[in-house]
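Below are the chains, spelled out letter by letter.
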Amino acid sequence: MARVLVRDVTSTQVFRTDGEQLRHAIEKAWSDADQLEVDFDGLRIDSASFFDESFGHLALGHPLAVIRGRLRPINLSEPDRALLNSIVTRRARERLERLVVVEIARLSAEHDLGPIAFGDLRSGGPFTEQEARASISSLEKRGLVRVLPDGRIRLSQRGRVEALGVGDADRSSRP
Amino acid sequence: MLAAWPPPGTTLLALAIGRRVADGGDAPEFVPPASSDAREFLREVGFDRYLDGHGAARELERQSGTREMRQMAALDPAYIHQIADLLAERVPEMSETTSHLIGLCMKELLQNVFEHAPEVPGGPVLCFVHSRWYLREHNVRVAVVDDGIGIPAALRRRQVRGLQRASDLDVVEASVAEPGLSSGRGRRGLGLKLIRDIVTARDGTLTVISGTAKVKFATRSRIMRGRKLPQPFRGTAIEIDFRPGKAIPIASEPADEVF
């Protein structure tokens, strides 16, 4: 089994830049063929930024099943493991919400920006029905979509912006 | 706000439990900020002795436990671990999870301070960390105060959309409510929102003063109280205050057992 020893990758495990280094090391070494052990031996992390920039960032870009299948963090303290799970779960939800809002935007465009039926969404998206429902509930709370009384889903202006990635582009263009 | 700074990297420490965790030095001297609200807040979070110019004064009567203060010019994880360990050792009912969370919150707060440090003209940013616990009230309080440009100015410099004309109060509220607002290079950080979630889930409060804004996120109902200060506070002062005995897991939202 392949292994990445975290303390060999970064001398500190606090900053986002530290997490970024670990992520790069993981991305170089991981594959579907062999699970990669990420060894935290002797380290105390308790840094959300570090975990977020390493594992959290990976969970934004890959399905949870892929993350779980390819990676095996070892020698983590229980609080660190709980923090890691919390961050990966949070980012995995965020990834799903993005997928769902983009799919809603795509279907909405096919309906002249009108509301879409939940069934239409389910038939085209790379997510389960349960994941779609949870994501829609969260998107509605954030004001990105509105669920009409008849169950159809309407994308808001903010939702369109989110789906187009304008919000991210705006952020990434900052100095 | 603060005067008589030693050279960057020098560690100043005032503590009441007879345990030094850093190099010695004179007690820091404070010039009280102009804003009476800011002065009052600093007094609340434990800087009273220094505001009064009595760095080595006696313990407050109502206080029991640790009182540590340190000036930093860069994030020092070892120091944070020492604080967390010290609290775990001294505070009754302090669970490993809570000790871990205190370390986590301190790291996030300090990272915010030093991540924005290059933006400060004439830097470096200096910051003070102060942690205390109260036997009678059963709470732990950690304060981080820096002399940087402050949250409103930092976000306006980043030209975050919608915040250019917003009040300091709105900007500070948004910086806590919307994760990633202050993160650069396209990153979406968790930062203050994560801290707010952790603290409020444990019957605690998160208070932020920066610019002319003072915002408090309170317990359970997560009610937010915001107030405009008559005079601006240079830098940022943040305090977290929560109960160590609350046996609540790290995640405030349900998390999968991914690993």
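So, how was this worked out
Residues numbered from 1 in each chain as written. Chains lettered and ligands numbered in written order. Predicted model: local features only at pLDDT ≥ 70, side-chain atom pairs only at ≥ 80, totals over all residues. Heavy atoms only, no water. Phe/Tyr/Trp six-rings, centres within 6.5 Å; stacked < 30°, edge-to-face > 60°. Helix = DSSP H or I, 4+ residues; strand = E, 2+ residues; numbered from the N terminus. Buried < 20%, exposed > 50% of the residue type's maximum accessible area, 1.4 Å probe, protein only. Lys NZ or Arg CZ within 6 Å of the ring centre and 35° of its normal. Pairing = 2+ DSSP bridges. Axes fitted to C-alpha atoms, helices over the stretch in contact; angles between N-to-C directions. Contact = heavy atoms within 4.5 Å.

Moving on to the packing of aromatic side chains. Taken as a whole and assessed by the stated rule, the structure comprises 4 aromatic pairs over all chains. When the centroid spacing of 5.9 Å and the interplanar angle of 65 degrees are considered together, the rings of F40 of chain A and F51 of chain A count as edge-to-face. Here F40 of chain A, found in the loop between β2 (36-39) and α3 (48-61), pairs with F51 of chain A, found in helix α3; they are 11 residues apart in sequence, far enough to count as distant. Given a relative accessible area of 0%, F40 of chain A falls into the buried group. Ring plane angle 55 degrees and centroid distance 6.0 Å describe the contact between F50 of chain A and F51 of chain A, whose orientation is recorded as tilted. Counting every residue linked through ring pairs, the aromatic cluster contains F40, F50, F51 and F55 of chain A together with F259 of chain B. Geometry around W30 of chain A places R70 of chain A over its ring, the cationic atom sitting 4.6 Å from the centre. A cation over a ring is seen here: R133 of chain A above F118 of chain A, with NZ or CZ 4.0 Å from the ring centre.

For the rest of this paragraph, the subject is the sheet that holds strand β3 (residues 71-74) of chain A. As a general point, the strands of a sheet are linked pairwise by backbone hydrogen bonds and lie either parallel or antiparallel. All names here are of chain A. Here we have 3 strands laid out as an open sheet, ordered β1-β2-β3, and parallel in their pairing. The outermost strands of the open sheet, each flanked by one partner alone, are β1 (3-5) and β3. Taking each pair of neighbouring strands and ignoring which way they run, the sheet shows an average axis angle of 20 degrees. Two elements, β1 and β2, share 3 bridges in a ladder whose sense is parallel. Paired with L5 across the strands is D39, a residue of β2. Seen against the sheet, helix α2 (residues 16-29) touches β1, β2 and β3 and runs at an angle of roughly 155 degrees to β2.

Geometric descriptors of this kind do not, in isolation, establish any biological role.
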